[in-house]
Amino acid sequence: MIRIKGLTKRFGDNTVLNNIDLEIERGERICVIGPSGTGKSTLLRCINFLDRPDSGTIEFGDFKVEAAKATRRQILALRRCTAFVFQNYSLFTNRTARQNITEALVTVHRQSSDEANRRADAILRETGLLDKAESYPAALSGGQQQRVGIGRAMALDADLMLFDEPTSALDPEWVGEVLDLMRRVAESRQTMLIVTHEMQFAREIAHRVIFMDGGRIVEQGPPGAIFGAPQDPRIRDFLRRVS
Amino acid sequence: MRALDLQYMLGLVPVILSYVPLTLAMAGIAMVLALIIASLLAVERVVRIPVLDGLVAIFISFFRGTPLLVQLFLFYYGLPQIVSFLTQINGVTAAIMGLTLHFSAYMAESIRAAIIGVDRSQWEASQAVGMTQSQMMRRIILPQAARIAAPTLVNYFIDMIKGTSLAFTLGVTEMMGATQKEAAGSFLYFEAFLVVAILYWIIVESLSFGQRWLEVHLNKAHAR
Ligand SMILES: Nc1ncnc2c1ncn2[C@@H]1O[C@H](COP(=O)(O)OP(=O)(O)OP(=O)(O)O)[C@@H](O)[C@H]1O
Ligand SMILES: [Mg+2]
């Protein structure tokens, strides 16, 4: 069980995350939706300290980090509980597709390079990219790069996989293959927290949908409820605009 | 105006050529050492370790702000008077030391700029997979910075090769020192220095082949 309490983040005097509470069950898939600039990315980035939260606590099982007092070692440990899929893929440009997957296995998780390569090849096969193993990111399409990005995250066997709008930077023709791969990740019962603008996908994959506005969670519930009968007028507004 | 003594010039070529290995060795050793020191200085300038940061800034400022010749004299003639174990320092060592420190200061600045030029996504991806600061630097950031900084660093290496000629002022018989001795015997100064100038020129030009190879190698990951 992952427990986030009172998570708050300010940039200057702009409070971007306002006292967020969130509990996530093992194997749960949560989609986060909401208007631009409401702190969705910041929420994900604070969970693994890419942005340092100002206050609040983050718990992965028995491991608890207090944001205000987090040490460097705690931050590293927290990051090793999570995997992150970036909107702009953010593959290591000086590493091939396979090396993007093995890099952290070898340097962070101290696997032998044989072991890491076997894992990488299994993942490349699953993502349909085995023939691109030796390609550098610059030689891959956006869809292929994002599939490597997801593969890199899969390899980490993280307690929580964070996705920040994984299809938003893609040409429409590549969106489908990336969503397909995310469905496969979901089948493996991976715990997922997904920021997305793909409402149809959210409706289909999520156990729970969270609507954020102004740095707060405004409403949450099963997709049927949020999309079918939202209580807050802001959600109705938002859904009308995006559909 | 008199005619050039071509025969003398041709005879001089093998004499000076025999000092090319020493010149290249001084420049090569100084380059390797300078690259290591410059990378460390550059990383420090980026991550900014308290106290150390001030010292590094002063180091870089001093070695960029004073002439190489003055630094060489300082090491060769000056230091042994202050630091007793350096009494045995020879010209070659002093020259390598001077070149190393002088160029490490310049190279630190261009490596620092290159590090900062590495896309933010690369830093964030490294952090997100759980790398420590030093793993991130060694495995992801510095290799990418090397590609950005390479053309500038090659230019510094060229400056360094030419800079080895100053070692002759420390009594080292390298290409320039040898030429000076030959010219003093023959009084054919123009011929002698023209020969050494052309030889330096050829060395530097042949480096540009190496530069092209290096750029292809470093750009491997970026070819489509
Ligand atoms: N590094 C930063 N410095 C200052 N302000 C920031 C920074 N990052 C984000 N913000 C601000 O925080 C707010 C929330 O940003 P965030 O990126 O989390 O929104 P979002 O919900 O992900 O939006 P989008 O749907 O456009 O991605 C915005 O007002 C943004 O300008
Ligand atoms: Mg965002």
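Note that the structure is predicted; figures quoted are calculated from it, not measured.

Enquirer: Looking at this model, I keep getting lost on unusual backbone geometry. Mind explaining?
Expert: Negative phi characterises most residues that are not glycine, and trans characterises most peptide bonds. Located in the positive-phi region is R189 of chain A, a residue other than glycine, with phi close to 65°. As for its position among the elements, R189 of chain A is in the loop between α6 (172-187) and β8 (192-195). For R189 of chain A, a relative accessible area of 58% gives the class exposed. A positive phi is found at V51 of chain B, a non-glycine position, where the angle reads about 70°.

Enquirer: Explain the packing of aromatic side chains to me, please; I cannot follow it from the model alone.
Expert: The relative placement of two aromatic rings is captured by the distance of their centres and the angle of their planes. Residues and elements named next belong to chain B. Inspection of the entire model under this criterion finds 10 aromatic pairs over all chains. When the centroid spacing of 5.1 Å and the interplanar angle of 90° are considered together, the rings of F62 and F63 count as edge-to-face. Overall, F63 belongs to the buried group, its relative accessible area being 8%. Within the aromatic cluster, the residues linked to one another by ring pairs are F59, F62, F63 and F75.

Enquirer: Could you clarify how one ought to interpret the side chain of R98 of chain A in this entry?
Expert: When you line up the elements, R98 of chain A lands in helix α3 (residues 97-107). Residue classification places R98 of chain A among the buried positions, given a relative accessible area of 18%.

Enquirer: Looking at this model, I keep getting lost on the interface of chain B and chain A. Mind explaining?
Expert: Facing the 23 residues of chain B at the interface are 26 residues of chain A. Summing the contributions of chain B and of chain A, the shared interface buries around 2100 Å²; its carbon and sulfur component is 55%. Ranking the residues of chain B by area buried against chain A places A128, V129 and R139 of chain B at the top, with a combined share of 25%. Our count for the chain B to chain A interface comes out at 2 salt bridges.

Enquirer: What exactly am I supposed to notice about the site of ligand 1 here?
Expert: Residues and elements named next belong to chain A. In the vicinity of ligand 1 lie 13 residues, with S36, G37, K40, S41 and T42 positioned nearest. In this structure, an oxygen atom belonging to ligand 1 sits 2.8 Å away from a main-chain N or O atom of G37. With respect to ligand 1, the side chain of S41 contributes an N or O atom lying 2.7 Å from an oxygen atom. Within the complex, 59% of the 640 Å² of free accessible area of ligand 1 lies under protein. If you list the elements that add at least two residues to the shell around ligand 1, you get β2 (14-24) and α1 (40-47).

Enquirer: What's the story with the packing of helix α5 (residues 91-117) of chain B against helix α7 (residues 133-163) of chain B in this structure? I'm lost.
Expert: Residue and element names in this part refer to chain B. Contact pair α5 / α7: the axes reach a minimum separation of 8 Å and the direction vectors enclose 140°. In this structure, α5 meets α7 at a crossing whose hand is right-handed. Seen from α5, the contacting residues are L99, F103, Y106, M107, S110, I111, A114, I115 and G117; seen from α7, they are M137, I141, L142, A145, I148, A149, T152, L153, Y156, D159, M160 and G163.

Enquirer: Help me understand the sheet that holds strand β5 (residues 63-66) of chain A, please; the structure alone is not making it clear to me.
Expert: Residues and elements named next belong to chain A. If you walk across this open sheet you meet the 4 strands as β2-β1-β4-β5, and the pairing is antiparallel. Two strands in the sheet have a free side with no partner beyond their single neighbour: β2 and β5. Between one strand axis and the next, the sheet turns by 15° as a mean value, whatever way the strands run. By the bridge criterion, 5 bridges tie strand β1 (residues 2-11) to strand β4 (residues 55-60) in an arrangement that is antiparallel. Within β4, the residue paired with T8 across the bridge is S55. Sheet strands touched by α1: β1, β2 and β4. Its angle to β1, the strand with the most contacts, is close to 115°. The strands touched by helix α2 (residues 72-79) within the sheet are β4 and β5, with β5 carrying the most contacts at an inclination of about 125°.

Enquirer: Looking at this structure, I do not really get the side chain of E191 of chain B. What am I missing?
Expert: All names here are of chain B. Structurally, E191 can be placed in helix α9 (residues 189-218). Within polar-contact distance, the side chain of E191 engages the side chain of R2 at 2.7 Å. Beyond its immediate chain neighbours, meaning those up to four positions away, E191 contacts R2, A3, L4, D5, Y8 and M9.

Enquirer: Is there a simple way to think about the environment of D171 of chain A in this case?
Expert: Tracing the sequence through the fold places D171 of chain A in the loop between β7 (160-164) and α6. Between the C-alpha atom of D171 of chain A and that of R110 of chain A, which follows or precedes it by 61 residues, the distance is 36 Å.

Enquirer: Teacher, can you tell me more about the sheet that holds strand β9 (residues 208-213) of chain A here?
Expert: Paired through backbone hydrogen bonds, the strands of a sheet run either parallel or antiparallel to each other. All names here are of chain A. Taken in spatial order, the 6 strands of this open sheet run β6-β7-β8-β3-β9-β10, and their pairing is mixed. Strands at the two margins of the open sheet, each flanked by one partner only, are β6 (82-85) and β10 (216-221). Direction aside, the axes of adjacent strands within the sheet are offset by 20° on average. Sheet analysis places strand β3 (residues 29-33) next to β8, joined by 4 bridges and oriented parallel. Its bridge partner lying in β8, R29 is registered against M192. Across the sheet, α6 is in contact with β3, β7 and β8; its angle to β8 comes to roughly 155°.

Enquirer: For this particular structure, what's the right way to read the confidence of the model for chain B?
Expert: In low-pLDDT segments, the atomic positions of the prediction should not be examined closely. Here chain B averages 91 in pLDDT, and 99% of its residues register 70 or above. Complex prediction metrics read pTM 0.86 and ipTM 0.94.

Enquirer: What should I look at first to understand α6 of chain A in this one?
Expert: Side chains that are three or four residues apart share a direction in an α-helix, a result of its 3.6 residues per turn. All names here are of chain A. For α6, which comprises 16 residues, the first-to-last C-alpha distance of 24 Å matches the rise-based estimate of 22 Å (1.5 Å per residue) to within 8%. The inward-facing, buried residues of α6 abut β3, α5 (142-155), β7, β8 and α7 (199-205). Two residues or fewer after α6 comes R189, characterised by a positive phi angle close to 65°.

Enquirer: Quick question: what am I supposed to make of the pairing of β1 of chain A here?
Expert: Regular strands have side chains that alternate between both faces of the sheet. All names here are of chain A. Across 7 bridges, the pairing between β1 and β2 is antiparallel. When the bridges of β2 are listed, I2 appears paired with I24. Taken together, β1 and the strand that follows it, β2, pair antiparallel across an intervening segment of 2 residues, in which G12 is found at a positive phi of about 65°.

Enquirer: What is the right way to look at helix α8 (residues 175-186) of chain B in this model?
Expert: Residue and element names in this part refer to chain B. Helix length check: α8, at 12 residues, gives a terminal C-alpha distance of 17 Å against a target of 16 Å (1.5 Å per residue), a fit within 8%. What α8 keeps buried is the set M175, M176, G177, A178, T179 and A183. The inward-facing, buried residues of α8 contact α1 (6-17), α2 (20-47) and α9. Where α8 begins, one side-chain oxygen reaches toward the backbone nitrogen of M176, 3.1 Å away; that side chain belongs to E174. Where α8 terminates, the next one or two residues include F187, which has phi positive at roughly 65°.

Definitions and limits used
Residues numbered from 1 in each chain as written. Chains lettered and ligands numbered in written order. Predicted model: local features only at pLDDT ≥ 70, side-chain atom pairs only at ≥ 80, totals over all residues. Heavy atoms only, no water. Helix = DSSP H or I, 4+ residues; strand = E, 2+ residues; numbered from the N terminus. Buried < 20%, exposed > 50% of the residue type's maximum accessible area, 1.4 Å probe, protein only. Phe/Tyr/Trp six-rings, centres within 6.5 Å; stacked < 30°, edge-to-face > 60°. Contact = heavy atoms within 4.5 Å. Buried area = accessible area lost by both parts, 1.4 Å probe. Salt bridge = Lys/Arg side-chain N within 4 Å of Asp/Glu carboxyl O. Near = heavy atom within 4 Å. Polar contact = N/O pair within 3.5 Å; in protein donor to acceptor, adjacent residues only side chain to side chain. Areas by Shrake-Rupley, 256 points an atom, 1.4 Å probe, with all protein chains shown as cover. Axes fitted to C-alpha atoms, helices over the stretch in contact; angles between N-to-C directions. Left-handed = near helix turned anticlockwise from the far one by under 90°. Pairing = 2+ DSSP bridges. pLDDT = per-residue confidence, 0-100. Expected span 1.5 Å × (residues − 1).

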